[in-house]
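# Examination of the molecular architecture
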Amino acid sequence: MNHIPVLSTELISGLAIRPGGLYLDATLGFGGHTQLILAAAPDVRVIAIDQDEQAITSSQTSLASYNSSIQFSHSNFADYDPKNTKFDGIVADLGINSVQLDTPERGFSFRHQGKLDMRMNQQQTITAAKIINHWEEAKLANIFYTYGEERLSRRIARRIVENRPFETTTELAEAITHCVPHKYRYGRIHPATRVFQALRIEVNRELSSLETFLKNAPNWLKFRGKIGIISFHSLEDRLVKHGLRDSSVLKVLTKKPIQPQDNETAINPRARSAKLRLAERLN
């Protein structure tokens, strides 16, 4: 599994890990940030949650030497209930992880042929295929425009409706590409990028889940506990910025988001768009 945690140095520094502290990794993924938290100070414990069971299973193996210090839980961070537990720090990495992207059958990437799935939690019923093949044209266009900021949303939605059903990611990506003027088809950003982002957000209710998490998570922190959230596109970052700033119990520690250094993006190009925001719990 080749997953590189993003902004790890900046995140661990910002959390100011306390010896004996209890931390929540609200998006375990493949365990990169959890491992760094556990290694940062003695006797640290982590509650690690993720809505993707594949991620939990993989992390239980890769973090086996730490398992006595980790409590794993299959949960969406919007639905998580810590009961009366309070944390010294909370971390959430909102990006889709590299393993999900590189596993064709998960259907997240237009670069690999796979079913139109895109579910983080594979127990849920709604898939990208159901949306693409059954939703009305106007609703599709609205999703592409709102969640993908796709200027050609109506044209793309019309072509999809005219040519459906679609079964695979590559079929859909090809249809989207044909909606784009020829001179823009081979630019730095693939023509299907925004539509695939929009579909993933809709399938997983990502923005509404994030809003719920931002409302609840500050109340799970101890006094002076830190929260660090890494986002990957402007819609998420805007929610994180306002959610941290508008909380009555948080003090924002990052006036501007922390972004990766050139040496990190050289090693991990997917880190390019990452932004880290940090806040601290007030009394």
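Residues numbered from 1 in each chain as written. Predicted model: local features only at pLDDT ≥ 70, side-chain atom pairs only at ≥ 80, totals over all residues. Heavy atoms only, no water.

### Let's talk about the side chain of Ser-231
Applied cut-off: Helix and strand assignments come from DSSP, with helices taken as H or I runs of at least 4 residues and strands as E runs of at least 2, each series counted from the N terminus. Contacts are assigned to residue pairs with any non-hydrogen atoms lying within 4.5 Å of each other.
Looking at the secondary structure, you find Ser-231 in strand β5 (residues 221-231). With sequence-adjacent residues up to four places away left out, Ser-231 is seen in contact with Leu-94, Glu-236, Asp-237, Ser-273, Ala-274 and Lys-275.

### Re the pairing of strand β1 (residues 22-25)
Definition in use: Partly exposed residues are those whose accessible area sits between 20% and 50% of the maximum for their type, while under 20% is buried and over 50% is exposed, using a 1.4 Å probe and protein chains only. In this description, strands pair whenever DSSP reports at least two bridges between them. Viewed with both strands pointing away, a crossover whose connecting path from the first strand over the helix to the second turns clockwise is right-handed.
Burial of the side chains of β1 extends over both faces: Leu-22 and Leu-24 are buried on one face and Tyr-23 and Asp-25 on the other. Summarising the sheet, β1 and strand β2 (residues 45-50) pair through four bridges and their orientation is parallel. When the sheet's bridge partners are listed, Leu-22 is paired in β2 with Arg-45. Once you follow β1 into helix α2 (residues 32-39) and on to β2, the crossover reads as right-handed. Where β1 lies against strand β4 (residues 87-93), three bridges are found, and the strand directions are parallel. Following the sheet pairing, Leu-24 is matched in β4 by Ile-90.

### Details of helix α10 (residues 206-216)
Applicable threshold: The directions considered for the arc run from the helix axis to the C-beta atoms.
Along α10, the residues that are buried comprise Glu-206, Leu-207, Ser-209, Leu-210, Phe-213 and Leu-214. For α10, the angular spread of buried residues about the axis comes to 155°, placing them on one side. Close packing links the buried residues of α10 with β4, α6 (137-148), α9 (193-204), β5 and α11 (234-246).

### Remarks on α6
What counts, and what does not: Multiplying 1.5 Å by the helix residue count minus one yields the expected span of that helix.
The terminal C-alpha atoms of α6, which comprises 12 residues, lie 16 Å apart, in line with the 16 Å expected from a rise of 1.5 Å per residue. Among the residues of α6, Leu-140, Ala-141, Ile-143, Phe-144 and Gly-148 are the ones counted as buried. Projected down its long axis, α6 shows its buried positions confined to an angular sector of 160°, all on one face. Among the exposed residues of α6, those oriented more than 90 degrees off its buried face are Ala-138 and Tyr-145. Among the structural elements, α5 (128-134), α7 (153-163) and α9 are those in contact with the buried residues of α6. Remark: Glu-149 follows α6 within two positions and exhibits a positive phi of approximately 50°.

### Remarks on the packing of α10 against α11
Stated precisely, the cut-off is as follows: Axis geometry follows a simple rule: fit a line to the C-alpha atoms, using only the stretch in contact for helices, then measure angles between N-to-C directions, giving values from 0 to 180 degrees. Oblique is the label for every angle not falling under 35 degrees (roughly parallel), over 145 degrees (roughly antiparallel), or within 65 to 115 degrees (roughly perpendicular). By convention the crossing between two helices is left-handed if the near helix lies anticlockwise of the far one by an angle smaller than a right angle, and right-handed if it lies clockwise. Only Asp, Glu, Lys and Arg are considered charged, only Ala, Val, Leu, Ile, Met, Phe, Trp, Tyr, Cys and Pro nonpolar, and every remaining residue, Gly among them, polar.
Where α10 contacts α11, the axes come no closer than 10 Å and their chain directions differ by 15°. Comparing the axis directions of α10 and α11 gives the class roughly parallel. In terms of crossing hand, the pair formed by α10 and α11 is right-handed. Between α10 and α11, the residues in contact are Glu-206, Leu-207, Leu-210, Glu-211 and Leu-214 and Leu-235, Glu-236, Leu-239, Val-240, Gly-243 and Leu-244, respectively. Taken together, the residues of the contact of α10 with α11 break down into seven nonpolar, one polar and three charged.

### Topic: the packing of α9 against α10
With their axes 6 Å apart at the nearest point, α9 and α10 run at an angle of 55° to one another. Viewed along their axes, α9 and α10 adopt a mutual orientation that is oblique. Contacts between α9 and α10 involve Arg-200, Ile-201 and Asn-204 on the former and, on the latter, Glu-206, Leu-207 and Ser-209. Here the contact of α9 with α10 is built from residues that sort into two nonpolar, two polar and two charged.

### Brief notes about the sheet that holds strand β3 (residues 70-74)
Across a sheet, strands are paired by hydrogen bonds formed along the backbone, either parallel or antiparallel in direction. The strand order across the open sheet built from seven strands is β3-β2-β1-β4-β5-β7-β6, with neighbouring strands paired in mixed fashion. Of all the strands in the sheet, just β3 and β6 (250-252) have a single pairing partner and so form its edges. Between one strand axis and the next, the sheet turns by 20° as a mean value, whatever way the strands run. Examined bridge by bridge, β2 and β3 share five bridges and lie parallel to one another. Residue Asp-50 lies in a different strand from β3, and its bridge partner there is His-74. Each of β2 and β3 touches helix α3 (residues 53-62); the most contacted strand, β3, lies at about 160° to it. Against the sheet, α11 makes contact with β5, β6 and β7 (275-281), and its axis sits at roughly 15° relative to β7, the strand it touches most.

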